[in-house]
Amino acid sequence: QVQLVESGGGLVQAGGSLRLSCAASGRTVSTYPMGWFRHTPGKEREFVAFISWSGGSTYYADSVKGRFTISRDNAKNTVYLQMNSLKPEDTAVYYCAAAVRLRVGVRGDEYDYWGQGTQVTVSS
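A brief look at the structure comes next. The model shown is predicted, which means the values in this text are computed figures rather than measured ones.

Scanning the model with the defined rule gives one disulfide in all. In this model, Cys22 is linked to Cys96 through a disulfide, with the two sulfur atoms separated by 1.9 Å. Measuring handedness by torsion sign, the sulfur bridge of Cys22 and Cys96 sits at about 55 degrees and is right-handed. Taken together, the residues span a long stretch of sequence, with Cys22 in strand 3 (residues 18-25) and Cys96 in strand 9 (residues 92-98) at a distance of 74 residues.

Okay, here's the thing in structure tokens:
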């Protein structure tokens, strides 16, 4: 079983930056693709970013491309999301997720393990 714990959320002004972390425990996630998603009340959960198990492949939602960077440190069993040039519309609860299968995409139901989320609020 894998437990994921996100941290690093908070309140930031528009244009600012935050770095989210997702620490895994229970077993290593070094062979698992990982993703970040976000959810705002009243909206559907939204894919944000993906990283392959090796870190060699990443992709992003168009809404965050060029502003967010996903990375991982398999030695620390941790995945990161660096968020720059934040906008009020980035306000959401951010979740990290891990997938057992190697080929996953942008759908949340492709991922097997989820964290509890961390709130990111961007003020205008």
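Still to come is the rest of the account.
The strand order across the open sheet formed by four strands is 1-3-8-7, and the pairing between neighbours is antiparallel. The open sheet is flanked by strand 1 (3-7) and strand 7 (68-73), the only strands paired with a single partner. Taking the axes of each pair of neighbouring strands and ignoring which way they run, one obtains an average angle of 15 degrees across the sheet. Pairing of strand 7 with strand 8 (residues 78-83), which is carried by six bridges, proceeds in the antiparallel orientation. Across the sheet, the residue bridging to Ser71 is Tyr80, located in strand 8.

Moving on to the nonpolar core. Within the largest apolar cluster, 37 residues are counted, with the highest numbers of intra-cluster contacts made by Leu4, Trp36, Leu81, Met83 and Tyr94. Those elements giving two or more residues to this core turn out to be strand 3, strand 4 (34-39), strand 5 (46-51), strand 7, strand 8, strand 9 and strand 11 (118-123). Not counting residues within four places of it along the chain, the set of residues in contact with Met83 comprises Gly16, Ser17, Leu18, Leu20, Arg67, Phe68, Tyr94 and Val120.

So, how was this worked out
Residues numbered from 1 in each chain as written. Predicted model: local features only at pLDDT ≥ 70, side-chain atom pairs only at ≥ 80, totals over all residues. Heavy atoms only, no water. Disulfide = S-S within 2.5 Å. Helix = DSSP H or I, 4+ residues; strand = E, 2+ residues; numbered from the N terminus. Pairing = 2+ DSSP bridges. Axes fitted to C-alpha atoms, helices over the stretch in contact; angles between N-to-C directions. Core = buried A, V, L, I, M, F, W, Y, C linked by side-chain atoms within 4.5 Å. Buried < 20%, exposed > 50% of the residue type's maximum accessible area, 1.4 Å probe, protein only. Contact = heavy atoms within 4.5 Å.

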